[in-house]
Amino acid sequence: MAALDGLPTLREVLRTHDLVAKKSLGQNFLLDLNLTAKIARAAGDLSSADVLEIGPGPGGLTRGLLAEGARRVLAIEKDSRCLPALAEIAAAYPGRLEVIHGDALAIDPLAHLTPPIKVAANLPYNVGTELLVRWLTPPSWPPFWESLTLMFQREVAERIVAQPGDKHYGRLAILAQWRTQARIVMGLPPEAFTPAPKVHSAVVHLRALPEPLFPADPATLSRVVAAGFNQRRKMLRASLKSVAPDIEAKLEEAGIKPTERAEQVTIEQFCRLARIVKAAS
């Protein structure tokens, strides 16, 4: 990668700019440019898309995205120490990289991007799940993005793609799989990062579906699912009693045994129950 874009290796970048990953910012730098290029390729054809990247750090994935032909990249970085390194990348790719110094949770990317838009990021551990939930629960669907290619701790990735009956199956799996096609595309060991985290990581690719798999009011579905998984060990007739006074009858109408637990219920069944609850409200 250094030969392709004329920029130094990432280890040299860290030394030059005296960059050390901060635990308080959830940082773990991925320094292998072959791996960052592989993640960029997992996002698909980037030549006709703007790409949103959160937490670029020293810019390894940023370089991968640009080298793989991204039309334009918007990188949002909270750590001011990384800005000089990112400025060097912007100079190497004139007009194709915009860097914003700020908190990704407080910035509207649509003010800076032109559709079609893809999101690709090695998300900071401390905000990764919150950002994903925001992207999966917009006010209207389809969302502003076509796909999400995101790195998480392996356990979080497994929660996103889990199926009913799996110990990882829960609210995050339903939010993701109701509206997207989600799959793990790549695993990374701790030693791929600096500093090495205590856990393995994985890259998940989520492609937005034109419409949800099954009809349901998003707010009602979210309420039903949250209540169901809030007390995973309880039978649904107990964990969902706050949702509706006659919840047992509604569960049976939805084809769900009241004695089942949330992790045994499919997304289709949850959506059916949400429609029944909504109709009765």
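Just above sits the structure.
Predicted, not measured: the structure shown is a model, and the values here were computed from it.

## Some thoughts on the pairing of strand E2 (residues 50-54)
Step number 1: Judged by how many residues are buried, E2 sits mostly within the fold: five of five residues are covered.
Step number 2: Relative to strand E3 (residues 72-77), E2 runs parallel, the two being bridged by five bridges. When the bridges of E3 are listed, glutamate 53 appears paired with alanine 75.
Step number 3: With helix H4 (residues 60-67) bridging E2 and the parallel E3, this β-α-β connection has right-handed handedness.
Step number 4: The pairing of E2 with strand E5 (residues 117-122) spans three bridges and is classified as parallel. Paired with valine 51 across the bridge in E5 is lysine 118.

## Some points on the packing of helix H9 (residues 218-230) against helix H12 (residues 267-280)
Step number 1: Interaxial distance between H9 and H12 falls to 9 Å at its minimum, and their mutual angle equals 115 degrees. The handedness of the crossing between H9 and H12 comes out as right-handed. Mapping the contact onto sequence places Thr220, Leu221, Arg223, Val224, Val225 and Phe229 in H9 and Phe270, Cys271, Leu273, Ala274, Val277 and Lys278 in H12.
Step number 2: Partitioning the contact of H9 with H12 into residue classes produces nine nonpolar, one polar and two charged.

## So, the sheet that holds E3
Step number 1: With mixed pairing, the seven strands of this open sheet are ordered in space as E4-E3-E2-E5-E6-E9-E7. Two strands close off the open sheet at either side, each with one partner strand: strand E4 (97-101) and strand E7 (180-188). The sheet shows a mean angle of 20 degrees between the axes of neighbouring strands, direction not considered.
Step number 2: Pairing geometry for strand E6 (residues 147-153) and strand E9 (residues 201-208), over seven bridges, is antiparallel. Within E9, the residue paired with leucine 150 across the bridge is valine 204.
Step number 3: Along the sheet, helix H3 (residues 33-42) makes contact with E6, E7 and E9, crossing E7 at roughly 165 degrees.
Step number 4: Contacts from helix H8 (residues 171-179) reach E7 and E9, with the element oriented near 120 degrees to E7.

## As for empty space enclosed by the protein
Step number 1: Under the definition given, this model contains one cavity of 30 Å³ or more.
Step number 2: Looking at the largest cavity, its volume works out to about 40 Å³.
Step number 3: The wall of the largest cavity is formed by Leu7, Pro8, Val13, Pro58, Arg63, Ala85, Glu88 and Ile89.
Step number 4: Top element by residues in the lining of the largest cavity is helix H5 (residues 83-92). It accounts for three residues.
Step number 5: Its residues assigned to classes, the lining of the largest cavity comprises six nonpolar, no polar and two charged.

## Considerations on unusual backbone geometry
Step number 1: Between tryptophan 141 and the following residue, proline 142, the backbone shows a cis peptide bond with an omega angle of 5 degrees.
Step number 2: Secondary-structure assignment places proline 142 in the loop between helix H6 (128-136) and E6.
Step number 3: Note that the residue after threonine 194, namely proline 195, is joined by a cis bond; omega there is -10 degrees.
Step number 4: Residue position: proline 195 is located in the loop between strand E8 (193-194) and E9.
Step number 5: Backbone geometry at aspartate 18 places phi at a positive 55 degrees, although glycine is not the residue there.
Step number 6: Inspection of the secondary structure assignment puts aspartate 18 in the loop between helix H2 (10-16) and strand E1 (29-30).
Step number 7: Relative accessible area serves as the criterion here: at 61%, aspartate 18 is assigned to the exposed category.

What counts, and at which threshold
Residues numbered from 1 in each chain as written. Predicted model: local features only at pLDDT ≥ 70, side-chain atom pairs only at ≥ 80, totals over all residues. Heavy atoms only, no water. Buried < 20%, exposed > 50% of the residue type's maximum accessible area, 1.4 Å probe, protein only. Helix = DSSP H or I, 4+ residues; strand = E, 2+ residues; numbered from the N terminus. Pairing = 2+ DSSP bridges. Right-handed = clockwise from strand over helix to strand, strands pointing away. Axes fitted to C-alpha atoms, helices over the stretch in contact; angles between N-to-C directions. Left-handed = near helix turned anticlockwise from the far one by under 90°. Contact = heavy atoms within 4.5 Å. Nonpolar A, V, L, I, M, F, W, Y, C, P; charged D, E, K, R; others polar. 1 Å grid on protein atoms, 1.4 Å probe; cavity = no way out; pocket = protein on both sides within 12 Å on 5 of 7 lines; lining within 4 Å. Points joined across faces, edges and corners; volume = space filled by probe spheres on them.

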